[in-house]
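Okay, here's what each chain looks like letter by letter:
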Amino acid sequence: MMLKEIINSAPALTDETFSELFEACRPQRERWTDIPWIGGLWEGRQKAAREEKPLFIWAMNGHPLGCT
Amino acid sequence: MIEFVNERFIPVAVNNSRLQRQADDEGRFLRLISWQGRYGYSFDEAQARLEDIDHGLNHQGLYVVTTEGEVLGSRNRLFPGGKLPVHGVGSDPDQFLWMLRRALANWENRKTQREALKIEDLTYRDPTFSWTGYPEDGLVLHLGVRDLPRQVDTRPSGMKREAHNQDYVWFRREEVLSMVPPDAGVGDVIPFPEGLVRRLVRYHLADYVRGETSSWSSEAIRDAAMTLTVTEETSEWVNMRLSGSAQLFEDGRWYEGACRERGLDASLLGYLRFDRRVERFVRFDVVAVGSRWGGTEYNVRQDDLEPAPIGIAMTIAGREARDRTAPHACQSRGGLERYFNA
C-alpha cells in the first residue's frame, strides 16, 4: 500500500471520544424526512390514482431515502 | 413547503439508476416521465422509447406528473447528451417552489387523469433485480457518513463543508445469532464473523460523503479485523465492546486519470447490547474514523484527493417506511446476492 503524507490526521477514536464522534456522524433528523415519501414508484402511482392527486417524484442515482 | 408538498402531491422517492433499466411496467413508467421531463421529448416520442433500457443516459430529476405519465413540471440537472439544455436540479428552494406551483397550475389543465383511475398491482417485476430481502427478524442499522474537521482545509471555497450521506446495513437473523455465542461470558474476546467483517468494510466503510461511490473490490481489503469483548452479562443481556480496524486500497483511473488510487485507513469502536430473551440487539452503536483519499466516478472528490479524516457511524434503524430502504450495494442487478456473500 502506498504511504500517503498525512496533513489532516483523523481524530483519535477512544472510549473517551466515542460519544462525540458518534453524535457527529450518526444520521440526523432532517426536515425533508417530515415528508411521508413512498419508496416505490408503482405504489405511489396507485395512491395518486386513488386520491386524484399529482405525483411528485424525486428520482436520484441511488435511493434518496438511503445513499445517493 | 413541507406542508404544501404533503397536502397537494403524492411524494415518491426512487432510485432512477435502477428504474431506468428495469424491464417492467414500473421501469417503463419512469422512462415515460424522464424522457419528457429530462430530455424534452413529447409524450408520443417518449412512448416510443419505453423499451430502451440500454440508453446509457441518466434519468435523475424532480418530476410532477399525472398517473398516466403526463409531465406537469420538472427540474433536472444539465446533461449534455440530452435533447434540450435543461436547468439545475432543485437546490434553489425558490425555484423549486415555483416549479411545484406551476405544475399545480398545469394540473388544472391536464389532458390525462381527468377521472379517477385504478392502477392494478404489478404482475411482473424484472427478475434481474432483487425485490425482497429486508431482514424482518434480523438487524438493520442506519449509517451516517461525513467529513471530519481538518487542520488544513484546501478544499475549494465553493465546496460544501457540511456534506453528509446515509445508508442502511442489513444482517439476517442467523448472522445476528452468529455474533453472540450463547455461553458468552465477561472477558471473552469473540472474533466478529469474517463474512460480516467483509460486508461491513466492502460496502459500508466507503466514501459516500459527497455522493454514491463504488463498493470496494474484494482485493482492496488489505487488512480488516473486528472483535467483540464481553464487558458485562446477565441471564437477560450481554454488553459487548466492538473494536477493529480496516485498511483498504485500490488502484484505478478516475476523473480522466487525475486520480489513480483510493484508500481508507480506519479504526472502529462500538458498544452493543444483545437481549438474550428476544435474541435481538437493543444497542448497536459503532463508529469508524480514519483517513480517506482519492475518489471515484460519482463521489465528487476530484478537488479533494489528498488524505483527509472521515467519520462513519451506525446505529439501530427506526421502524418508519423509509427505514426499509435497501443498502445501496443491494440496489444493482444481482446486488442482494453479492451483498450477503461479500
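Every value quoted in this text rests on a predicted model; they were computed, and no experiment measured them.

Conventions and cut-offs
- Residues numbered from 1 in each chain as written.
- Chains lettered and ligands numbered in written order.
- Predicted model: local features only at pLDDT ≥ 70, side-chain atom pairs only at ≥ 80, totals over all residues.
- Heavy atoms only, no water.
- Helix = DSSP H or I, 4+ residues; strand = E, 2+ residues; numbered from the N terminus.
- Rg over C-alpha atoms; globule rule 2.2 N^0.38 Å.
- Areas by Shrake-Rupley, 256 points an atom, 1.4 Å probe, with all protein chains shown as cover.
- Lys, Arg positive; Asp, Glu negative; His and termini not counted.
- Charge placed at Lys NZ, Arg CZ, Asp CG, Glu CD.
- Axes fitted to C-alpha atoms, helices over the stretch in contact; angles between N-to-C directions.
- Parallel < 35°, antiparallel > 145°, perpendicular 65-115°, else oblique.
- Contact = heavy atoms within 4.5 Å.
- Nonpolar A, V, L, I, M, F, W, Y, C, P; charged D, E, K, R; others polar.
- Pairing = 2+ DSSP bridges.
- Buried < 20%, exposed > 50% of the residue type's maximum accessible area, 1.4 Å probe, protein only.
- Buried area = accessible area lost by both parts, 1.4 Å probe.
- Salt bridge = Lys/Arg side-chain N within 4 Å of Asp/Glu carboxyl O.
- Phe/Tyr/Trp six-rings, centres within 6.5 Å; stacked < 30°, edge-to-face > 60°.

### With respect to the overall build of chain A
The number of helices and strands found in chain A is 2 helices and 1 strand. Counting from the amino terminus, helix and strand elements in chain A follow one another as α-α-β. Expected size for 68 residues packed as a compact globule is a radius of gyration near 11 Å; at 20 Å, chain A overshoots this value by more than 25%. Taken over the C-alpha atoms alone, chain A extends approximately 60 × 30 × 15 Å along its principal axes. Per element, the accessible surface of chain A, about 3500 Å² overall, is 49% carbon and sulfur. Here chain A contributes 8 positive and 10 negative side-chain charges, whose respective centroids are spaced 13 Å apart.

### Thoughts on the packing of helix H2 (residues 41-51) of chain A against helix H3 (residues 25-37) of chain B
For the pair H2 of chain A and H3 of chain B, interaxial distance at closest approach is 9 Å and the crossing angle is 75 degrees. Judged on the interaxial angle alone, H3 of chain B and H2 of chain A are roughly perpendicular. Along its contact with H2 of chain A, which presents Leu41, Trp42 and Arg45 of chain A, the element H3 of chain B presents Asp25, Glu26, Phe29 and Leu30 of chain B. For the contact of H2 of chain A with H3 of chain B, a count of residues per class yields 4 nonpolar, no polar and 3 charged.

### A closer look at the sheet that holds strand S6 (residues 189-191) of chain B
The strand order across the open sheet built from 8 strands is S5-S4-S11-S10-S9-S8-S7-S6 (chain B), with neighbouring strands paired in antiparallel fashion. Edge positions in the sheet fall to strand S5 (164-171) and S6 of chain B, since each of these pairs with one other strand and no more. Averaged over all pairs of adjacent strands, the angle between strand axes in this sheet comes to 20 degrees, irrespective of strand direction. As defined by bridge partners, strand S4 (residues 139-147) of chain B adjoins S5 of chain B across 8 bridges and the pair is classed as antiparallel. For Arg146 of chain B, the partnering residue across the bridge sits in S5 of chain B and is His164 of chain B. The strands that helix H1 (residues 18-25) of chain A touches are S4, strand S9 (259-275), strand S10 (280-293) and strand S11 (308-316) of chain B; relative to S10 of chain B, the one it contacts most, it runs at about 85 degrees.

### Focus on the pairing of S11 of chain B
Residue and element names in this part refer to chain B. Across the 9 residues of S11, 8 count as buried, placing the element largely inside the fold. Both S4 and S11 contribute to a ladder of 7 bridges, which runs antiparallel. Within S11, the residue paired with His142 across the bridge is Thr315. Pairing of S10 with S11, which is carried by 7 bridges, proceeds in the antiparallel orientation. In the sheet register, Ala288 faces S11, and the bridge partner there is Ile312.

### Here's the deal with the interface of chain B and chain A
Between chain B and chain A, the residue contacts involve 93 residues of the former and 60 residues of the latter. Contact between chain B and chain A buries roughly 6900 Å² in total, counting both sides, with carbon and sulfur atoms accounting for 63%. Contact with chain A buries surface across chain B, with Ile10, Val12 and Ala13 of chain B losing the most and accounting together for 11% of the total. The interface formed by chain B and chain A includes 2 salt bridges. For Arg241 of chain B, the salt bridge is made with Asp15 of chain A, and the minimal N-O distance between the two is 3.1 Å. Tallying contributions element by element places S10 of chain B first for the side of chain B that touches chain A, with 8 residues. Among the residues forming the side of chain B that touches chain A, the class breakdown is 45 nonpolar, 27 polar and 21 charged.

### Brief notes about the packing of aromatic side chains
Overall, the coordinates contain 17 aromatic pairs over all chains when judged by the stated rule. A centroid spacing of 5.8 Å and a plane angle of 85 degrees characterise the contact between Phe4 of chain B and Phe9 of chain B, whose relative ring orientation is edge-to-face. Like Phe9 of chain B, Phe4 of chain B is buried. Through pairs of rings, three or more aromatic residues link up here, namely Trp32, Trp37, Phe56 and Trp58 of chain A together with Phe4, Phe9 and Phe96 of chain B.

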